[in-house]
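This is what each chain is made of:
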Amino acid sequence: MGNSHSLLSKESLDQMKDATNFSDGELKKLYRRFQMLDKDGSGTLTTDEFLSIPDLALNPLLERVLQIFDQNKDKEIEFSEFASTLSTLSQKGSKDDKLKFLFQIYDIDCDGYISNGELFQVLKMMVGSNLNDVQLQQIVDKTIIEGDLDKDGKISYDEFSAMIGNQEGIEEKLSVNWSD
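Residues numbered from 1 in each chain as written. Predicted model: local features only at pLDDT ≥ 70, side-chain atom pairs only at ≥ 80, totals over all residues. Heavy atoms only, no water.

- If you check an unreviewed UniProt entry, the protein chain appears there as Protein phosphatase 2B from Tieghemostelium lacteum.

Below is the structure:
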């Protein structure tokens, strides 16, 4: 533990408490978990380090999720990014923030819309070879037609929220329990 990253300064702890929904104790626990994942002790997490978590390694959307964790887009995840994303996905995160996170997974080019092509790409990651491209494209087209209320050919966040925000149990499905 001799590296300079091994301690969370009081200052950064206070900043993160303000920016997240976590208490001191929860942040310290998260930081220990972060350090366990940070195999090379660099103070940041890479995709490979995340892949060492068996549950995550099997998640077809892991790379998309990590791109959203990585708020400054430097291809590595600092503890502040880790904590703030998990705060969104924790029981204490708001439903709106959780839906925004999910929306970002589909909005690959970050333009504020989910296009037909983006929806296709993400669903393809999820279903793999279980459906052929023609079947998948039919599902994508149908979804866009149903969700695209202003008929501009793409799904805005408001349309996305209207489409899935009222689904039974959506908030629980988008919550991660990190406290145990």
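**Quick notes on the overall build of the protein chain**
- Scanning the protein chain from terminus to terminus reveals 11 helices and 4 strands.
- With respect to the principal axes defined by its C-alpha atoms, the protein chain has extents near 55 × 30 × 30 Å.
- Of all intrachain contacts in the protein chain linking residues separated by at least 6 positions in sequence, the fraction that spans at least 24 positions is 55%.
- For the protein chain, the computed accessible surface area is about 10,500 Å², with 54% contributed by carbon and sulfur atoms.
- Side-chain charges of the protein chain comprise 19 positive and 34 negative groups, with the mean position of each set lying 5 Å from the other. (Helix = DSSP H or I, 4+ residues; strand = E, 2+ residues; numbered from the N terminus. Contact = heavy atoms within 4.5 Å. Areas by Shrake-Rupley, 256 points an atom, 1.4 Å probe, with all protein chains shown as cover. Lys, Arg positive; Asp, Glu negative; His and termini not counted. Charge placed at Lys NZ, Arg CZ, Asp CG, Glu CD.)

**Brief notes about the side chain of Asp148**
- Structurally, Asp148 is set in the loop between helix 9 (133-147) and strand 4 (155-156).
- For the buried Asp148, no salt bridge exists, and the shortest N-O distance to an oppositely charged side chain is 5.6 Å, to Lys151.
- Polar contacts involving the side chain of Asp148 include one to the main-chain amide nitrogen of Gly153, which spans 2.6 Å. (Buried < 20%, exposed > 50% of the residue type's maximum accessible area, 1.4 Å probe, protein only. Salt bridge = Lys/Arg side-chain N within 4 Å of Asp/Glu carboxyl O. Polar contact = N/O pair within 3.5 Å; in protein donor to acceptor, adjacent residues only side chain to side chain.)

**Considerations on the UniProt feature "domain: EF-hand" (unreviewed entry) in the protein chain**
- As recorded in UniProt, the feature "domain: EF-hand" (unreviewed entry) lies at residues 25-60, 62-92, 94-129 and 135-170.
- Each end of residues 94-129 is marked by a C-alpha atom, and these two atoms are 34 Å apart; helix forms 67% of the span and strand 6%. (UniProt positions renumbered as here; feature names shortened; annotations may be inferred.)

**What about the environment of Ile164?**
- Here Ile164 lies in helix 10 (residues 157-164).
- On the accessibility criterion, Ile164 (12% relative accessible area) is buried.
- Along the chain, Ile164 and Gly147 lie 17 residues apart, while their C-alpha atoms are 9.2 Å from each other.
- The residues touching Ile164, leaving out its near neighbours within four places in the chain, are Leu99, Leu102 and Ile170.

**Quick notes on helix 6 (residues 79-89)**
- Judged by how many residues are buried, helix 6 sits mostly within the fold: 10 of 11 residues are covered.
- Of all the positions in helix 6, only Phe79, Glu81, Phe82, Ala83, Ser84, Thr85, Leu86, Ser87, Thr88 and Leu89 are classed as buried.

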